[in-house]
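# Tertiary structure, described
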Amino acid sequence: MLTVRKLVKVYAGPVTALAGVDLDVPPGMFGLLGPNGAGKSTFMKIVSGLLEASSGDVTLDGDDILADPWKVREKLGYLPQDFGFYPNLSGERMLAYLLRLKGVEAPGGTKRLVGELLERVNLTFAAKRRVKEWSGGMRQRLGIAQAIAGNPRLLIVDEPTAGLDPEERQRFYRILAELAEERIVLLSTHIVEDVAVLCPRFAVISRGRLVATTTPGDARRSLEGRLFEGTGTDEELARIRAEHFVTQAVLVEGNNRMRIRVDHGAPPPGFAPVVPTLEDAYMVMVASANAPAEVAA
Ligand code: ADP
């Protein structure tokens, strides 16, 4: 279990990136979902032992990560948001280099470990190709290979699917899901689909605070019977916004298609009930953090 208590991070400025976060993360896949600037990367770096917190506690199975990051280091694997590669190295040489940097022990030899790790993330076929010829998804999988070296209890992946095409994303999801069978995988993302596909539980973070810790099913059910869809002009959209919370407004053939939450009374004329999505629920959760009185309901 990863346990986070009263975690605060204030950068010079001052910018309060984390304003007192409490979180318990059990084994398996757990999502940390939030908009850009919410504090996700800050949280992930602190939990990885790479960034000092201003105050608070983080423990992994009872070991204090903040007090003694070096002691806990081999139990942690981290894939940062921006992962640097030497483009001219082959995949296997790049990975061998990363393992040496990390100080990973390889009783059977580095070559063997590199082979096993590449196999684990389905990259054996590209081992001898230069990394600059690889796709974004292949590079992310190489990042995962270095992160899981040493079989860490906790794998921390920061916004790993941004920039991957749909097929690469699916492949990456499968690897993460497999890895989560035997450890804690903490996944930060601003992409709701990542959570919908992968995470039985997730937390929503906004402006440095946790807004909710829930399951995709419970989040959707919180809107059941209250979500309606219809179309209208810009003026109608403005009028509806004044009365209802709009979870989505997109242009379709020049008109606004809106999804709205109706808390009291009948929906506007022409609006029909729809099944809430996780995206709808997420919009409500983030907005309720910013304007609790109006939106939380
Ligand atoms: P996210 O990963 O959710 O996009 P971050 O953790 O990167 O959020 O950032 C949270 C807040 O902290 C933002 O307001 C960001 O501008 C600020 N921030 C991040 N890193 C620094 C830094 N090194 N110095 C000052 N402010 C920072």
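Residues numbered from 1 in each chain as written. Predicted model: local features only at pLDDT ≥ 70, side-chain atom pairs only at ≥ 80, totals over all residues. Heavy atoms only, no water.

## Regarding the packing of aromatic side chains
This structure, assessed with the given rule, holds one aromatic pair. With a centroid separation of 5.5 Å and an interplanar angle of 65°, the aromatic rings of Y86 and Y97 are classed as edge-to-face. Taken together, the residues Y86 in the loop between β6 (76-79) and α3 (91-102) and Y97 in helix α3 connect sequence positions 11 residues apart. Judged by relative accessible area, Y97 falls into the partly exposed class, the value being 29%. (Phe/Tyr/Trp six-rings, centres within 6.5 Å; stacked < 30°, edge-to-face > 60°. Helix = DSSP H or I, 4+ residues; strand = E, 2+ residues; numbered from the N terminus. Buried < 20%, exposed > 50% of the residue type's maximum accessible area, 1.4 Å probe, protein only.)

## Re helix α1 (residues 40-47)
A large share of α1 lies buried, amounting to seven of its eight residues. Here α1 has its buried residues at K40, S41, T42, F43, M44, I46 and V47.

## Quick word on the confidence of the model for the protein chain
Here the protein chain averages 92 in pLDDT, and 98% of its residues register 70 or above. Throughout residues 293-297 the model reports pLDDT below 50, and contacts reaching past four residues in sequence, or to other chains, amount to 11 contacts. (pLDDT = per-residue confidence, 0-100. Contact = heavy atoms within 4.5 Å.)

## Things to note about the site of the ligand
What surrounds the ligand is the set Y11, V15, A17, P35, N36, G37, A38, G39, K40, S41 and T42. In the model, an oxygen atom of the ligand is placed 2.9 Å from a nitrogen or oxygen of the K40 side chain. Here an oxygen atom of the ligand sits 2.8 Å away from a polar atom, N or O, in the main chain of S41. Protein burial of the ligand: of its 570 Å² of free accessible surface, 61% is covered by the chains. With three residues, α1 is the largest single contributor of residues to the shell around the ligand. The residue inventory of the shell around the ligand, partitioned by class, reads five nonpolar, five polar and one charged. (Near = heavy atom within 4 Å. Polar contact = N/O pair within 3.5 Å; in protein donor to acceptor, adjacent residues only side chain to side chain. Areas by Shrake-Rupley, 256 points an atom, 1.4 Å probe, with all protein chains shown as cover. Nonpolar A, V, L, I, M, F, W, Y, C, P; charged D, E, K, R; others polar.)

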